[in-house]
Amino acid sequence: MLNGLSLGAIYALIALGYTMVYGTLQLINFAHGEVYMIGAFASLYLARWTGVEENPTLPGVALVGLGAMIFCAALGMTIERVAYRPLRKSSRLNILITAIGVSLLLQNLGLMMFGAIQSFPTLLPETQWEPLPGLHLRSTDVVTLSVTLVLMFGLHHLVERTQFGRAMRAVSHSRDTAAMMGIPVDRVVSITFAVGSALAAAAALLVAMDKHSIRPDMGATGGLKAFVAAVLGGIGSIPGAVAGGFLLGLCETLVSGYLASTWRDAIAFGVLIFILLFRPAGLLGRSTVEKV
Amino acid sequence: MKHAAVYLVAAVLIAAIWALDAWVIPYSDFYITNIVIKIGYNLLAVMGLALVLGFTGQFSLGHAGFMAVGAYAAGALALHTGLPPMLTTAIGGLAAALAGLVVGLPSLRLTGDYLAVVTLGFNGIIIVIIQNTPFLGGAQGLIGLPLATTFATTWTWVVIGGLFIRNVLNSPTGRVLRAVRDNEIATRSLGINTTHAKVVAFVIGAFWAGVAGALIGFLNSSLFPAQFQYDRSIELVAMVVLGGTGSLSGPLIAGAALTALPELLRPIAEYRMVLYSVLLIVMMLVRPTGLLGSRELSDLVPWRRWFGRAV
Amino acid sequence: MDAPSDSRLLDLQRVGIRFGGLRAVSDLEIKLVPGCLHGLIGPNGAGKTTVFNLITGIYRPTEGDIHFDGTSLVGEAPDRIAKRGIGRTFQNIRLFAGMSVIENVKVAMYRHAAGSLWESVLRMPRYWRDEATIHREATQLLDTFGLLSVADLGAEQLPYGARRRLEIARALATRPKLLLLDEPAAGMNPSEAHDLMNLVRWVRDSFGVSILLIEHHMPVVMGICERITVLDQGASIAEGSPREIQNDPLVIEAYLGADVEARG
């Protein structure tokens, strides 16, 4: 159960990046999964260079996480600036193809630079205890859940309480109107990418500390699952992404208890198809109709 | 009489292919022949996707899934029943077409990126199903298939497929497909069921993808689910987009080039996917309509007198 | 004053639609007799285009009923409604930009003169015969609309006025009983608009089609329409002959007065 919640938390963190970008640009940022993957490798190398790997401390790990988040934020902003912004006015198909291109590029560059798989060191002590009979708690799950909750609380504050949050909501409502009201749309989009990418980096570090192995193709599967979560909750909706993430995580954990794990990937795909076909706006999303 | 000209051209081409197969291929480099065959089956998959993506404007990211259906249907049938492989190849195409119908009917009400994601999901589900079906070899693969894919069989299929797609494009149906791409609402206002039109394009595209997949199985004598993951779908999208959405010859040229280049330039084979991705991004930034845009080769060189449009 | 109900081609009965809480159209009544050139006027934002979208099935009315040729259209898909014999143009012109002028018209003939896909793929005699028929009819239609000389140009290359005409030609190629024209003279100068209105009247006379026309230029509508429905804030406030409309106090108050003053 807690296992499913922490898996869901990871999906939710990554899904937030998809949903925020979709909210502002109506773009499925296919490269987001790769940003997440690079977050994992950035954490690994940061931990190595700073010596946190040999000699892990809680502030050290937090510093590594912060570093990875900043690195990925910069990466996300760069991707938007170089690949997406020049195409802002062209057709959605073209932007989508570019996004796929960026995703493919990062994944293959990752494969060339990092190799097929690397192991991730143990940075925080891992224990397991049983406060109630039959209820197993793993420390990694607790860490994942608490960090996720803190980040989500921060994001909520950012979106609901700050100037930037208001600007972001305005842009997602209507980019043109927001621009006319004097909102610096380019900067808002840029920061949106930065925030989403930073959250993905945090998710990557949490996953890496739990699974102890990281791979250049982890962004493809992880990203896709998180995307499903975003769609499930209604893409563009921030609470939706959180709900979708937890829902998908719980579903996968519950079902893989009964079915062979090889079928687990099919659940995400099945949920995705089902939702899109029967409730295309997702659980909490709003539907839009083309104006005639 | 002039109406028969295109059949004449096709017949001459097929005769030439078999002549080459009999007198030239046995003496040519095995490695080169192999590349030419690969180009052939990639072209079959590409022309189907050109119809769906380029001419109908429907972004499918699951084309490799239909290749898988065709490949496994044809392969398993040939292996378990002993039917001739080229017959099962056609049946594989029909199985893929049926899969196209099943996937297309519900999904094609969606547009744009949602359609892309749903087709991607179906691609994934098809792979998971194959991996979990012992009859199809599961994740270990289906092995021991008859070796039936030759230069002649592959390229005969290419000629038939090319003629098929060309005739669809230059027909009332082809016009409807382009109308759907340009403006779906206006097309509906003409009393045309656009979902139906899109499904037709999807089914045709899936058929030729299925044939292409089947040829892969009979070339390697084996099939593995991993061969049909979604990076293959993206590879095909790259070929269509680079060649030009709204063109048939453009994607075919791009398909041949992107198949041959990594094979011929061994050092870059490792960077194949990097090359694709960079090409995709640069093309979108610099020339988003692709190599030929919506033109055909015949618009650029004065071939039209002999071949008609869309050769 | 009302036409008898059995002789109405199009009959909107207390039609309304809400988008969320917003009532865009309510209590809308339009009675259109066959062969009529019927105008639909109203100030900006009165909901005229919404009425077209309701008739053609792009929106589904939340209240009331729409009868066409004796049966209800409510709940039918746009392509089914078009098939029943309603053609339309769009306020923001929707041509097939990637196709030539003549192809734009040929697409519209798909339902009347096209064999099966197999006949096309195998290039059977029927295919060549159909294509010849389609080509001949499309050529004729373009000729009557003065577009024959640009038949092979891309639709996007046409000047503005020609695009409007092409859109009407395309709608006519579906052989409709009723043609809905959404501000066909928008963006034209007075002389172009005048020519277009003559064309509209001529289309009605020679194709035997009824026309419902949204128009903004008041004098133009008054000049050519036999009947007029006035829309204000999503509801029909008057219906009658141009003379009756001109003298209707409600209309003068809601629309005409302000408009006439503004135009001098």
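For the structure, check the block above.
Remember, it's a predicted structure, so these values are computed and weren't measured experimentally.

### Notes on the overall build of chain A
Stage number 1. Summing up its helical and strand segments, chain A has eleven helices and four strands in all.
Stage number 2. In terms of C-alpha radius of gyration, chain A reaches 19 Å, essentially the compact-globule figure of 19 Å for 292 residues.
Stage number 3. Each principal axis of the C-alpha atoms in chain A carries an extent, and together these give about 60 × 45 × 40 Å.
Stage number 4. Classification of the 292 residues of chain A by burial places 51% in the buried group.

### Overview of the interface of chain A and chain B
Stage number 1. Each side of the interface is counted separately: chain A has 31 residues, and chain B has 31 residues.
Stage number 2. The set of elements that each furnish at least two residues to the side of chain A that touches chain B consists of helix H4 (92-114) and helix H11 (264-278) of chain A.
Stage number 3. Per element, the largest residue contribution to the side of chain A that touches chain B is 13 residues, and it comes from H4(A).
Stage number 4. Class assignment for the residues of the side of chain A that touches chain B results in 21 nonpolar, seven polar and three charged.

### Quick look at the interface of chain C and chain B
Stage number 1. Taken together, the contact between chain C and chain B spans 26 residues of the former and 26 residues of the latter.
Stage number 2. Looking at the side of chain C that touches chain B, the elements with two or more residues in it are helix H2 (78-83), helix H3 (101-108), helix H4 (117-121) and helix H5 (125-144) of chain C.
Stage number 3. Grouping the constituent residues of the side of chain C that touches chain B by class yields 14 nonpolar, four polar and eight charged.

### Quick notes on the sheet that holds strand S7 (residues 178-182) of chain C
Residues and elements named next belong to chain C.
Stage number 1. Strand order in the open sheet formed by six strands is S6-S7-S8-S3-S9-S10, with mixed pairing between adjacent strands. Of all strands in the sheet, those with a lone pairing partner are strand S6 (86-88) and strand S10 (235-240), marking the two edges. Each neighbouring strand pair of the sheet contributes to a mean axis angle of 20°, computed without reference to strand direction.
Stage number 2. Pairing geometry for strand S9 (residues 227-232) and S10, over five bridges, is antiparallel. Bridge pairing in S10 links valine 230 to alanine 238.
Stage number 3. Across the face of the sheet, helix H7 (residues 190-207) comes into contact with strand S3 (37-41), S7 and strand S8 (210-214) while running at roughly 160° to S8.

### Remarks on unusual backbone geometry
Trans is the prevailing form of peptide bonds, just as negative phi is the prevailing case for residues other than glycine.
Residue and element names in this part refer to chain C.
Stage number 1. Non-glycine residue arginine 14 carries a positive phi angle of around 45°.
Stage number 2. For arginine 14, a count of 14 C-beta atoms within 10 Å puts it in the partly exposed group.
Stage number 3. Phi angles above zero are rare outside glycine, and arginine 175 is one such case at about 55°.
Stage number 4. Position of arginine 175 relative to the elements: it lies in the loop between helix H6 (160-172) and S7.

### Quick notes on helix H1 (residues 48-55) of chain C
Stage number 1. With seven of eight residues buried, H1(C) lies mostly within the body of the structure.
Stage number 2. Directly after H1(C), the chain includes C:Gly57, whose backbone phi takes a positive value near 85°.

### Concerning the sheet that holds strand S4 (residues 63-68) of chain C
All names here are of chain C.
Stage number 1. The strand order across the open sheet formed by four strands is S2-S1-S4-S5, and the pairing between neighbours is antiparallel. With partners counted over all chains shown, the strands left at the sheet margins are strand S2 (22-32) and strand S5 (71-72), one partner each.
Stage number 2. Summarising the sheet, S4 and S5 pair through two bridges and their orientation is antiparallel. Within the sheet, the bridge partner assigned to phenylalanine 68 lies in S5 and is threonine 71.

### Observations regarding the environment of A:Thr262
Stage number 1. With respect to the secondary-structure elements, A:Thr262 resides in the loop between helix H10 (238-258) and H11.
Stage number 2. It is 37 Å that separates the C-alpha atoms of A:Thr262 and A:Trp49, two residues lying 213 residues apart in sequence.
Stage number 3. Not counting chain neighbours up to four residues away, the residues in contact with A:Thr262 comprise B:Gln131 and B:Asn132.

Definitions and limits used
- Residues numbered from 1 in each chain as written.
- Chains lettered and ligands numbered in written order.
- Predicted model: local features only at pLDDT ≥ 70, side-chain atom pairs only at ≥ 80, totals over all residues.
- Helix = DSSP H or I, 4+ residues; strand = E, 2+ residues; numbered from the N terminus.
- Rg over C-alpha atoms; globule rule 2.2 N^0.38 Å.
- Buried ≥ 20, exposed ≤ 12 C-beta atoms within 10 Å, placed from the backbone.
- Contact = placed C-beta atoms within 7 Å.
- Nonpolar A, V, L, I, M, F, W, Y, C, P; charged D, E, K, R; others polar.
- Pairing = 2+ DSSP bridges.
- Axes fitted to C-alpha atoms, helices over the stretch in contact; angles between N-to-C directions.

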